[in-house]
Amino acid sequence: MFKSLRVTEQKKHSIPLLLTMVVTAVALISAPISVASAQSPDSSKKTLRIGYFPNITHSQAVIGLNNGDFQKIVGENINIETIRFNAGPSAIESLLAGRIDATYIGPNPAINGYLQTNGEAVRVIAGAASGGASFIVRNDSGIESPSDLGGKKFASPQLGNTQDVALRKYLQDNGFKTTENGGNVTILPIANADILTVFLKGDIDGAWVPEPWASRLVQEADGKVFLDERDLWPDGKFVTGNIIVRTDYLEQNPDVIKKLLEAHVEETLKINNDTKAAATEFNTQLKKITGQEINPAVLDESYSHLEITYDPLKLTLFKSANDAYDLGFIEKGKDRPNLSGIYDTTILDEVLTEKGLQPIGNTAGSVSLTQTNSSNTPNTSSAVADIVI
């Protein structure tokens, strides 16, 4: 994923997706890339090829791209083509190869794509979700306070992903080291579905996971919330979903991107206006595209732990990237990577202003990753950092 990674001998044997992303991205960058035009076969129309995941953090896309809401707003002159992904690396690969023009995605792969192309190919143009991640422990684990974490085994969804970084940083801030670093806390990076299985078997003591898996561990596996990650962030907000676009597509088709963001903002407002109705609609569209749905009780609980938003929460992304750097997931060199150009919210601000809403503005300014303090609270008085699913 990142431009370069410091991988320990233990990590090498797991062949993490983090490393796979780096290899694939480098290959894509080295090879000639044929970028398709936005022009559709019908010369009177433009085409927007957009990716998304069937995740709750991509609620605007799951609902709006599948029930016709987006198409109504973008109009007949823009043809929307959608592609579903199950992981950030594959979405970034498609974006860099020119197979899609934009995608809903977690902050981590967005940062990876930006760094891999030296800040040239990727721009974050809007947020999608905030929050929705928790540290869940088994009721019989004996964990009541941070002092009880020693000697335990925990799981995260993927080595180096947002929740994995958050878990490792939390342990570090509370004086613990993982086994690969000479400590006594074990972290097992495995898929969310597998986390539920091993949690039920009692093979792990807890897990730091996103929704709806956090709520499933509580409702289906007799877990308890040890920590809602929102409690670690100012105002309880931290980015878990964004919209990114290829820089060349953004420059050549600002009119299409503006229509996309108009649809995205409208869907965000609609969801927040009636979350229960949105949860029902989410399940309807999820079943249509995957053949499955989420238990309504779990879905309602999941929505209560996150916020659907268009704000990219820029400073929280920088904080998470800083944590990843400090933990060694971005190779430490003389200088920390510069993320100053990763955002372009100019068109989003135009849309928000036209709707009478508060624009995002250039909150982040010109920044590079900087050293954070040792506490869990982000140092938002300076350039601070983030990473994700």
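Residues numbered from 1 in each chain as written. Predicted model: local features only at pLDDT ≥ 70, side-chain atom pairs only at ≥ 80, totals over all residues. Heavy atoms only, no water.

A. A look at the overall build of the protein chain. Scanning the protein chain for helices and strands turns up 15 helices and eleven strands. Burial analysis of the protein chain (389 residues in total) assigns 56% to the buried set. Across the protein chain, every contact between residues at least 6 apart in sequence was considered, and the portion connecting residues at least 24 apart equals 78%. Of the accessible surface of the protein chain, which amounts to about 15500 Å², a share of 48% is contributed by carbon and sulfur atoms. (Helix = DSSP H or I, 4+ residues; strand = E, 2+ residues; numbered from the N terminus. Buried < 20%, exposed > 50% of the residue type's maximum accessible area, 1.4 Å probe, protein only. Contact = heavy atoms within 4.5 Å. Areas by Shrake-Rupley, 256 points an atom, 1.4 Å probe, with all protein chains shown as cover.)

B. Quick peek at the pattern of salt bridges. Scanning the model with the defined rule gives 20 salt bridges in all. For Lys319, the salt bridge is made with Asp323, and the minimal N-O distance between the two is 2.5 Å. Taken as a pair, Lys319 and Asp323 lie in helix H14 (residues 314–326) at a separation of four residues, close to a single helical turn. Within the structure, one salt-bridge network assembled from shared partners comprises Arg49, Asp101, Arg246 and Asp248. (Salt bridge = Lys/Arg side-chain N within 4 Å of Asp/Glu carboxyl O.)

C. Region of interest: the packing of helix H12 (residues 275–290) against helix H13 (residues 296–303). In contact at an axis separation of 10 Å, H12 and H13 are set at 130° when each is read in the N-to-C sense. In terms of orientation, H12 lies oblique with respect to H13. Between H12 and H13 the crossing geometry is right-handed. The segment H12 lies against H13, with Thr275, Lys276, Ala278, Ala279, Phe282 and Asn283 engaging Pro296, Leu299, Asp300 and Tyr303. (Axes fitted to C-alpha atoms, helices over the stretch in contact; angles between N-to-C directions. Parallel < 35°, antiparallel > 145°, perpendicular 65-115°, else oblique. Left-handed = near helix turned anticlockwise from the far one by under 90°.)

D. Quick peek at the sheet that holds strand S4 (residues 122–131). Spatially, the six strands line up as an open sheet ordered S2-S1-S3-S10-S4-S11, and their pairing is mixed. Unpaired on one side and paired on the other, strand S2 (78–84) and strand S11 (306–308) mark the two borders of the sheet. Mean inter-strand twist for the sheet, computed between neighbouring axes without regard to direction, equals 25°. Pairing of S4 with S11 involves three bridges; the strand directions are antiparallel. (Pairing = 2+ DSSP bridges.)

E. View of the sheet that holds strand S5 (residues 133–138). With mixed pairing, the five strands of this open sheet are ordered in space as S7-S6-S8-S5-S9. In this open sheet, the two edge strands, each paired with only one partner strand, are strand S7 (186–189) and strand S9 (223–228). The average undirected angle you get between the axes of adjacent strands in this sheet is 25°. Bridge analysis of strand S6 (residues 153–156) against S7 gives four bridges, and the strand direction is parallel. Paired with Ser156 across the bridge in S7 is Pro189.

F. Broad picture of unusual backbone geometry. Cis geometry is found at the peptide bond from Glu211 to Pro212, where omega equals 5°. Among the structural elements, Pro212 can be located in the loop between strand S8 (206–210) and helix H9 (213–221). Unusually for a residue other than glycine, Leu313 sits at a positive phi of about 50°. Tracing the sequence through the fold places Leu313 in the loop between S11 and H14.

G. Region of interest: H9. Those residues of H9 not exposed but buried are Trp213, Ala214, Ser215, Leu217 and Ala221. Buried-residue contacts for H9 involve S5, helix H8 (192–201), S8, S9 and H13. Looking one or two residues beyond H9, the residue adopting positive phi is Asp222, at roughly 55°.

H. Looking closely at the environment of Leu315. Take Leu315: it is sitting in helix H14. A relative accessible area of 23% places Leu315 in the partly exposed class. Sequence-wise, Leu315 and Val239 are 76 residues apart; in three dimensions their C-alpha atoms are separated by 9.1 Å.

I. A look at the packing of aromatic side chains. Under the defined criterion, the tally for this structure stands at eight aromatic pairs. Relative to Tyr343, the ring of Phe318 lies with its centre 5.8 Å away and its plane at 90°, an arrangement referred to as edge-to-face. With a gap of 25 residues between them, Phe318 in helix H14 and Tyr343 in the loop between H14 and helix H15 (346–354) connect regions that are remote in the sequence. Both residues of the pair, Phe318 and Tyr343, belong to the buried class. Linked through ring pairs, Phe135, Phe154, Tyr170, Trp208 and Phe226 together constitute an aromatic cluster. (Phe/Tyr/Trp six-rings, centres within 6.5 Å; stacked < 30°, edge-to-face > 60°.)

J. Molecular detail of the nonpolar core. Formed by 46 residues in total, the largest nonpolar core has its most connected members in Ile50, Tyr104, Ile125, Ile257, Leu261, Phe282 and Tyr303. Considering every element that reaches this core, the biggest residue donor is helix H11 (residues 254–273), with seven residues. With 25 residues, the next largest nonpolar core counts Phe53, Leu95, Ile244 and Tyr325 among its residues. (Core = buried A, V, L, I, M, F, W, Y, C linked by side-chain atoms within 4.5 Å.)

K. Examining the side chain of Asp349 more closely. For Asp349, the location among the structural elements is in helix H15. For Asp349, which is buried and forms no salt bridge, the nearest opposite charge comes from Lys314, at a distance of 6.1 Å. Once you skip the residues sitting within four places of it in the chain, Asp349 turns out to touch Pro359, Ile360 and Gly361. (Lys, Arg positive; Asp, Glu negative; His and termini not counted.)

L. Quick peek at H8. Considered for burial, the residues of H8 that qualify are Asn192, Ile195, Leu196, Val198 and Phe199. The inward-facing, buried residues of H8 contact S5, S6, S8, H9 and S9. Where H8 ends, the next residue or the one after it, Gly202, has phi of about 80°, a positive value.

Interpretation in functional terms is not warranted from these geometric data alone.
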